[in-house]
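# Examination of the molecular architecture
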Amino acid sequence: MNNIVFKKTGREIKSAISNRRTQLEQRLEKRNQSLNEFLKESKKVRSYLIRSAIPDFGHRGNIGYRLIGTDDISSEERQEIDQLCQRIFEIEQELLGLSFVVTHIQDDQVFELTIEDLVGYGFEA
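Description of the structure in this document.

### With respect to the overall build of the chain
For the chain, the helix and strand inventory stands at four helices and two strands. In the chain, buried positions account for 22% of the 125 residues. Restricting to contacts in the chain with at least 6 residues of sequence separation, those with at least 24 account for 83%. Put simply, the chain shows about 9,300 Å² of open surface, and 52% of that area lies on carbon and sulfur atoms.

Quick look at the structure:
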């Protein structure tokens, strides 16, 4: 299937991208809400920032034990926030890339796309 080439016009690509952007924006909105909830907890945000500045080499590594206060963020919460922020970044990058494509292609221009291109632009199965 890697050898199959699909011919699509710029207009078709823009239409598919429009649907893909809508899906991504909805997912981004949910993640931004979660991040905003976390940001309201100033003690946890402070703890997250401070703990993020220290390299984490496992539970003990060569550093020895670490004392965690009651107001400090847990390792699990830190990992969740790391993953949340990483996913927000990835979605925003994808949205920017799609905007770039929409801006720079002509409606009547014909493109040869791979299946990966089709999926990436949001074409339906």
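Still to come is the rest of the account.
### Considering the pattern of salt bridges
Using the criterion set out here, one finds seven salt bridges in the structure. Ionic pairing is found between Asp107 and Lys14, a salt bridge with its closest N-O pair at 2.8 Å. Remark: Lys14 occurs in helix H1 (residues 10–39) and Asp107 occurs in the loop between helix H3 (75–104) and strand S2 (110–113); sequence separation between them is 93 residues. With relative accessibility at 30%, the residue Asp107 sits in the partly exposed group. Across the pair Arg87 and Glu90 runs a salt bridge whose closest N-O atoms are separated by 3.0 Å. Remark: Glu90 and Arg87 occur in helix H3; sequence separation between them is three residues, near one turn of the helix. Glu90 gets classed as partly exposed once you look at its relative accessible area, which sits at 33%.

Conventions we followed
- Residues numbered from 1 in each chain as written.
- Predicted model: local features only at pLDDT ≥ 70, side-chain atom pairs only at ≥ 80, totals over all residues.
- Heavy atoms only, no water.
- Helix = DSSP H or I, 4+ residues; strand = E, 2+ residues; numbered from the N terminus.
- Buried < 20%, exposed > 50% of the residue type's maximum accessible area, 1.4 Å probe, protein only.
- Contact = heavy atoms within 4.5 Å.
- Areas by Shrake-Rupley, 256 points an atom, 1.4 Å probe, with all protein chains shown as cover.
- Salt bridge = Lys/Arg side-chain N within 4 Å of Asp/Glu carboxyl O.

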